[in-house]
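Residue-level structural notes
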Amino acid sequence: MAATGLLVEIGDRLRLRREEMGMTQKEAAKLLEMSETFYGEIERGNRRLSIERLLLVRERMDMSLTWLLAGRMPEGIYEGISRQYPGEKAKRMERLLRDLAKLYE
């Protein structure tokens, strides 16, 4: 299967998360219960994650599926910020998160 734009973007976001976690492809593959070769193909956008593997990514890599699949922050994330930070701090944190999300788009 040839790489499509969406699959490449998903692979890029998965690679970024793996690197944030300080993991090698081999370690990520083991964590997600697949071969290193298959995992590498996913990061390059040549293969797709099954639903079961998507759930493993969410659980074991603590990654939002909204972010992984669509490149957007999950709905409701900003409401949690307003509960944690008072007044103007919440608004600044929301702007910061929105700006960071745009950088990844």
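The sections below set out a description of the structure shown in this document.

The rules behind each value
- Residues numbered from 1 in each chain as written.
- Predicted model: local features only at pLDDT ≥ 70, side-chain atom pairs only at ≥ 80, totals over all residues.
- Heavy atoms only, no water.
- Core = buried A, V, L, I, M, F, W, Y, C linked by side-chain atoms within 4.5 Å.
- Buried < 20%, exposed > 50% of the residue type's maximum accessible area, 1.4 Å probe, protein only.
- Helix = DSSP H or I, 4+ residues; strand = E, 2+ residues; numbered from the N terminus.
- Salt bridge = Lys/Arg side-chain N within 4 Å of Asp/Glu carboxyl O.

**Section: the nonpolar core**
Counting residues in hydrophobic clusters, the biggest one holds 17 residues, and the most contacted among them are Leu14, Leu32, Met34, Tyr39, Leu49, Val57 and Leu68. At the level of secondary structure, the elements contributing two or more residues to this core comprise helix 1 (5-20), helix 2 (25-31), helix 3 (36-43), helix 4 (51-60) and helix 5 (65-70). With three residues, the single largest contributor to this core is helix 4.

**Overview of the pattern of salt bridges**
A side chain with one charge may pair with a side chain of the opposite charge, provided their charged atoms come close. Counted under the stated rule, the structure contains six salt bridges. A salt bridge links Arg60 to Glu33; its shortest N-O distance comes to 2.9 Å. Separated by 27 residues along the polypeptide, Arg60 in helix 4 and Glu33 in the loop between helix 2 and helix 3 bring together distant segments of the chain. Note on Arg60: relative accessible area 31%, which makes it partly exposed. Under the relative-accessibility criterion, Glu33 is labelled partly exposed at 47%. Look at the salt bridges and you will find they share partners, linking Asp12, Arg15 and Glu19 into a network.

**Description of unusual backbone geometry**
A positive phi is found at Glu33, a non-glycine position, where the angle reads about 60°. The phi dihedral of Asp62 falls on the positive side, at around 50°, and the residue is not glycine. Relative to the elements of secondary structure, Asp62 occurs in the loop between helix 4 and helix 5. Asp62 gets classed as exposed once you look at its relative accessible area, which sits at 63%.

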